[in-house]
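# Structural overview for review
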Amino acid sequence: MSAEKQQHPMDLQEPDPTGNPSPAIAKLSIDGKTIDLPVVTGTEQEKGVDITKLRAQTGAVTIDPGFANTASCLSDITFLDGERGILRYRGVPIEELAEHATYTDTAYLLIHGNLAPQRELDQFSGRINQKVNLPAGLEKFYDCFPKGTHPMAMLSAMAAALSGSYPALLNPTPTREEIDEVIVTLLGQFPTLCAYGYRKGQGLSLIPPRQDLAGVASFLHMMNGRPGDQQDPNPVAVNALRKILILHADHEQNCSTSTVRLVGSSRANAFVSIASGVAALWGPLHGGANQAVIEMLEQIRADGGEFSKFIRMAKDKDSGFRMMGFGHRVYKNFDPRARILKASCDEVLGKLGIHDPLLDLAKQLEAAALKDDYFVSRKLYPNVDFYSGIILRALGIPTEQFTVIFALGRLAGWLAHWKEMLESPGFRIGRPRQIYTGPTQRRFVRVAQRG
Ligand code: SDX
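Residues numbered from 1 in each chain as written. Predicted model: local features only at pLDDT ≥ 70, side-chain atom pairs only at ≥ 80, totals over all residues. Heavy atoms only, no water.

## Structural notes on unusual backbone geometry
Note: most residues except glycine have negative phi, and most peptide bonds are trans. What counts, and what does not: Strands here mean DSSP runs of E at least two residues long; helices mean DSSP runs of H or I at least four residues long; both are numbered from the N terminus. For the exposure calls, accessible area comes from a 1.4 Å probe over protein chains only, and a residue counts as buried if that area is under 20% of its type's maximum, exposed if over 50%, partly exposed in between.
Within the chain, Arg267 stands out as a residue other than glycine whose phi angle is a positive 70 degrees. Looking at the secondary structure, you find Arg267 in the loop between α9 (255-264) and α10 (270-281). By relative accessible area, Arg267 is classed as partly exposed at 31%. One non-glycine residue, Lys379, adopts positive backbone phi at about 55 degrees. Among the secondary structure elements, Lys379 is positioned in the loop between α15 (373-377) and α16 (384-394).

So this is what it looks like as structure tokens:
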């Protein structure tokens, strides 16, 4: 049962949901004119100045490169508090989901707004599991990728290519049934795309899904199994990956989720909206950081493990070096996901009997950075990417596949936001403005005459 169509403060006639008799007002003065701007208050008391009528009333727009001070939407899906290190999916703390939930539980919660009763969850899982096999012939696309193609390139291309197999799911104004169907289709097919891209990248044959496996176990079988293999994946690996996927499932309006919303706002279909989210996530400043962290730790180790030199480089703007896995646009405290993953590193490596010198190095680097005023004054703490790679290495997943695992987790959040955007009362195409700073009008002059 999906959450009822949202009402939002900006669309309410009566007082806003926090019970304020009348919404607060912000005043803005410009060019000798003062206007009242409504202030929207969210359920966690966050405040937003509603500037939807600013340009019409003043001719001016706001400027906010990187959108650090701009809310693109109102959303019921995820709340995070960067100062207090809080992350909740539909109000449920990430710590509880990481401890007790399955990824399917979490996907249902994010997408439909509530934890599913067992019967609905079984139906949801069943519909997803019926979709794990790719449409006939699509696997042949993998033979067209040149050797060495990055798995994220294959994932983005194949997610878009799925649209060719599901013409009935490309309706620009999808019904609720079409939205639900494309969501379970992508939740079913995406793990297969992720696994097939990995196998292709490793020069291995594709392992078809086993019908008796589901979720994370099915994915790990397609990644590491052998044709006809009836042995189930290691439960330690299944549990570790379950936790990683849940921790990566959503994070409000991050770069890739905002990309999915923006592409989807043109009423492009879900397949290409998700493909665009994969593309945005690939960047080393975003989801590509988990790969960059391991490469950084390996660089430090290869350099003799003396990390103080790298801390100095991270502080030197001219060095071009960044402490990957550190810092965050929102968290000015510990990323709660990093805390959980740090603990999980010790647990998983202990259970698998693995000692990874990169984990020791990561912990030393964290301890040193958190004593250094450069990091402390800028509130640069380890983020979700700092420890995740250590666990993925322990599971035998190659570094290049790390961001694909991030995408596999984030799929649920991308789909939840795509659905929420389409169903929001204030839905309109995203089209930011700009302030032009180029040449004012001038004549066309032929090149020969330019002197
Ligand atoms: C993810 O948005 C999300 O929610 C993302 C994510 C999600 O779940 O979707 O949480 C996942 O993308 C996590 C972030 C992974 N990226 C990295 O680990 C890359 C390294 N981190 C940085 O590049 C940076 O911290 C960002 C990109 C994460 C945040 O960039 P901001 O908010 O634009 O911060 P900034 O670049 O303006 O930095 C502010 C200051 C600057 O110094 P000053 O100009 O004030 O002197 O902090 C410095 C920066 O130079 N700084 C760093 C640093 N991160 C910021 N200095 C050294 N090393 C770093 N990692």
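## Some remarks on the environment of Gly197
Selection rule: The contact rule is simple, with two residues in contact once any of their heavy atoms fall within 4.5 Å.
Positionally, Gly197 belongs in helix α6 (residues 176-201). Linking Gly197 and Glu139, residues 58 residues apart in sequence, is a C-alpha distance of 9.7 Å. Excluding its chain neighbours within four sequence positions, the residues that come into contact with Gly197 are Tyr142 and Met154.

## A look at empty space enclosed by the protein
What counts is decided by this rule: Lining residues are those with an atom within 4 Å of a point, where the points come from a 1 Å grid over the protein atoms alone and group into cavities, where a 1.4 Å probe fits but cannot get out, or pockets, open sets with protein on both sides within 12 Å along at least five of seven lines. Grid points are joined across faces, edges and corners, and a volume is the space filled by probe spheres set on the points. Classification convention: Asp, Glu, Lys, Arg as charged; Ala, Val, Leu, Ile, Met, Phe, Trp, Tyr, Cys, Pro as nonpolar; all other residues, Gly among them, as polar.
One pass over the structure, following the stated rule, counts 2 cavities of 30 Å³ or more. If you add up the space inside the largest cavity, you get close to 40 Å³. Lining of the largest cavity is provided by Leu169, Leu170, Asn171, Pro174, Glu178, Val182, Asn269, Ala270 and Trp418. Considered class by class, the residues forming the lining of the largest cavity number 6 nonpolar, 2 polar and 1 charged. One number sums up the size of the second largest cavity: a volume of about 30 Å³. Lining of the second largest cavity is provided by Asn171, Pro172, Pro174, Gly264, Arg267, Ala268, Asn269, Trp418 and Leu422. Here the residues of the lining of the second largest cavity are counted per class, giving 5 nonpolar, 3 polar and 1 charged.

## With respect to the site of the ligand
To keep things clear, this is the line we draw: Nearness is defined per residue: one heavy atom within 4 Å of the molecule or strand is enough. By the criterion applied in these results, polar contacts are pairs of N or O atoms within 3.5 Å in which, for protein atoms, one can donate a hydrogen and the other can accept it, and in which residues neighboring in sequence qualify only through two side-chain atoms. A 1.4 Å probe and the Shrake-Rupley method give the accessible areas. Residues count as covered only by the protein chains that appear here.
Near the ligand lie 24 residues; those nearest to it are His251, Arg322, His328, Arg329 and Arg337. The side chain of His251 places a nitrogen or oxygen atom 2.6 Å from an oxygen atom of the ligand. Measuring from a nitrogen atom of the ligand, one finds a backbone N or O atom of Met323 at 2.9 Å. Taken by itself the ligand offers 1000 Å² of open surface, and the protein chains cover 77% of this. Broken down by class, the residue content of the shell around the ligand amounts to 10 nonpolar, 7 polar and 7 charged.

## Some words on the sheet that holds strand β4 (residues 78-81)
Filter applied, for reference: A pair of strands is treated as paired once DSSP finds two or more bridges between them.
Spatially, β4-β5-β6 is the arrangement adopted by the 3 strands of the open sheet, whose pairing is antiparallel. Of all the strands in the sheet, the pair left with one neighbour each is β4 and β6 (92-93). Sheet analysis places strand β5 (residues 86-89) next to β6, joined by 2 bridges and oriented antiparallel. Along β6, the bridge assignment pairs Arg88 with Pro93.

## A word on the packing of aromatic side chains
Heads up, the condition is: In summary, the pairing rule links any two rings of Phe, Tyr or Trp, Trp by its six-membered ring, whose centres are within 6.5 Å, and it sorts them by plane angle into stacked for under 30 degrees, edge-to-face for over 60 and tilted for everything else.
One pass over the full model with this rule turns up 10 aromatic pairs. Measuring from ring centre to ring centre gives 5.7 Å for Tyr166 and Phe271, while their planes differ by 15 degrees; the resulting arrangement is stacked. Taken together, the positions of Tyr166 in the loop between α5 (151-161) and α6 and Phe271 in helix α10 put the pair 105 residues apart, joining distant regions of the chain. The burial state of Tyr166 is the same as that of Phe271; both residues are buried.

## Notes on the sheet that holds strand β2 (residues 33-41)
In any sheet, the strands associate via hydrogen bonds between backbone groups, in a parallel or an antiparallel arrangement. What counts here: Angles here are taken between N-to-C directions and fall from 0 to 180 degrees, while the axes themselves are lines fitted to C-alpha atoms, restricted in helices to the stretch in contact.
Judged by pairing direction, the sheet is antiparallel, and its 3 strands sit side by side in the order β1-β2-β3 without closing on themselves. Whereas interior strands pair on both sides, the edge strands pair on one side only; in this sheet they are β1 (24-30) and β3 (47-49). Neighbour to neighbour, the strand axes of the sheet diverge by 30 degrees on average, direction disregarded. Relative to β2, β1 runs antiparallel, the two being bridged by 7 bridges. Counterpart to Ala26 in the pairing with β2 is Leu37.

## Focus on the domain arrangement of the chain
The cut-off we apply is this: Note that the domain bounds reflect an automated or database-derived domain assignment.
Taken domain by domain, the chain holds domain 1 (21-73), domain 2 (93-285 + 411-423) and domain 3 (290-400). One C-alpha centre belongs to domain 1, the other to domain 2; they are set 37 Å apart.

## Comments concerning the packing of α5 against α6
This is how it is decided: What sets the label is the angle itself: under 35 degrees gives roughly parallel, over 145 gives roughly antiparallel, 65 to 115 gives roughly perpendicular, and the rest give oblique. Crossing handedness is read from the near helix: turned anticlockwise from the far helix by less than a right angle, it gives a left-handed crossing, and turned clockwise, a right-handed one.
It is at 9 Å that the axes of α5 and α6 come closest, and there the two elements cross at 135 degrees. The orientation of α5 with respect to α6, classified from their angle, is oblique. Both α5 and α6 take part in a crossing whose hand is right-handed. Two secondary-structure elements touch here, α5 through Met154, Leu155, Met158 and Ala159 and α6 through Phe190, Leu193, Cys194, Gly197, Lys200 and Gly201. Of the residues belonging to the contact of α5 with α6, the class tally is 7 nonpolar, 2 polar and 1 charged.

## Quick word on the packing of α5 against helix α17 (residues 402-423)
One way to put it is that α5 packs onto α17 with a least axis distance of 8 Å and a crossing angle of 35 degrees. Of the residues in α17, those in contact with Pro151, Met152 and Leu155 of α5 are Thr403, Val404 and Ala407. Taken together, the residues of the contact of α5 with α17 break down into 5 nonpolar, 1 polar and no charged.

## Some details on the pattern of salt bridges
Stated formally: What makes a salt bridge here is a side-chain nitrogen of Lys or Arg within 4 Å of a carboxyl oxygen of Asp or Glu, nothing more.
For the coordinates displayed, the defined rule picks out 20 salt bridges. As a salt-bridge pair, Arg261 and Glu420 come within 2.5 Å of each other at their nearest N and O atoms. Taken together, the residues Arg261 in helix α9 and Glu420 in helix α17 connect sequence positions 159 residues apart. For Arg261, a relative accessible area of 9% puts it in the buried group. For Glu420, a relative accessible area of 5% gives the class buried.

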